[in-house]
Amino acid sequence: MNVSESIKRGLEEMIQHAEGKIELKSHYVSAAPLKKYTADQIRQIRDNLNMSQGFFADVIGVSKKTVESWEYGRGRPSGAAARILSIAENDPEALRRYGFAEW
């Protein structure tokens with residue numbers, strides 16, 4: 001089956017499913033909500049990792065000024081940064097396992 005035939009078949013199955021003629025496997029997924037970190041929580045994560053602000057910034061892919069801003073309560077981590085902070089908080093070894101840092 002070529003690509004266009006596969007797409008056509010998939011669309012036909014979607015129509016049949018919508019009309020109640022066939023049952024398709026369904027998977028429901030959800031993303032965990034983003035944690036909103038306080039300045040103290042961010043500082044605690046960094047301290048637990050025993051990292052300077054500069055090294056921590058390099059590891060999570062932001063500037064040192066950004067980390068300073070977070071730790072002084074002047075800024076908040078973006079969605080992507082909050083996810084990395086969650087990883088650093090819950091599984092610090094993941095930073096090493098996935099090559100984000102060597103220490």
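The structure under discussion appears in the preceding block.
An account of the accompanying structure is given in this report.

Rules used in this analysis
Residues numbered from 1 in each chain as written. Predicted model: local features only at pLDDT ≥ 70, side-chain atom pairs only at ≥ 80, totals over all residues. Heavy atoms only, no water. Helix = DSSP H or I, 4+ residues; strand = E, 2+ residues; numbered from the N terminus. Buried < 20%, exposed > 50% of the residue type's maximum accessible area, 1.4 Å probe, protein only. Polar contact = N/O pair within 3.5 Å; in protein donor to acceptor, adjacent residues only side chain to side chain. Arc of directions from axis to C-beta. Contact = heavy atoms within 4.5 Å. Axes fitted to C-alpha atoms, helices over the stretch in contact; angles between N-to-C directions. Parallel < 35°, antiparallel > 145°, perpendicular 65-115°, else oblique. Nonpolar A, V, L, I, M, F, W, Y, C, P; charged D, E, K, R; others polar. Core = buried A, V, L, I, M, F, W, Y, C linked by side-chain atoms within 4.5 Å.

Let's talk about the side chain of Gln 53
Turning to step 1, where the next piece is worked out: When you line up the elements, Gln 53 lands in helix 3 (residues 53-60).
Turning to step 2, where the next piece is worked out: Gln 53 sits in the buried class, given a relative accessible area of 15%.
Turning to step 3, where the next piece is worked out: At a separation of 2.8 Å, a polar atom in the side chain of Gln 53 contacts the side chain of Glu 71.

Considerations on helix 3
Turning to step 1, where the next piece is worked out: The complete set of buried residues in helix 3 reads Gln 53, Phe 56, Ala 57, Val 59 and Ile 60. Mapping the buried residues of helix 3 onto a view down its axis gives an arc of 160°, with all of them on the same face.
Turning to step 2, where the next piece is worked out: Those residues of helix 3 hidden inside the fold are in contact with helix 2 (39-48), helix 4 (64-71), helix 5 (79-90) and helix 6 (93-97).
Turning to step 3, where the next piece is worked out: In the segment just after helix 3, Gly 61 is the residue with positive phi, at about 85°.

Thoughts on the packing of helix 2 against helix 4
Turning to step 1, where the next piece is worked out: In contact at an axis separation of 7 Å, helix 2 and helix 4 are set at 125° when each is read in the N-to-C sense. Of the possible angle classes, the one that applies to helix 2 and helix 4 is oblique. In this structure, helix 2 contributes Ala 39, Ile 42, Arg 43 and Arg 46 to the contact, and helix 4 contributes Val 67, Trp 70 and Glu 71.
Turning to step 2, where the next piece is worked out: Taken together, the residues of the contact of helix 2 with helix 4 sort by class into four nonpolar, no polar and three charged.

What about the nonpolar core?
Turning to step 1, where the next piece is worked out: With 16 residues, the main nonpolar core has Ile 45, Leu 49, Phe 56, Trp 70 and Leu 85 as its most contacted residues.
Turning to step 2, where the next piece is worked out: Among the elements of the structure, helix 2, helix 3, helix 4 and helix 5 are those that each provide at least two residues to this core.
Turning to step 3, where the next piece is worked out: Those residues within four positions of Ile 45 in sequence are excluded, and the remaining contacts are Tyr 37, Phe 56, Leu 85, Ala 88 and Glu 89.

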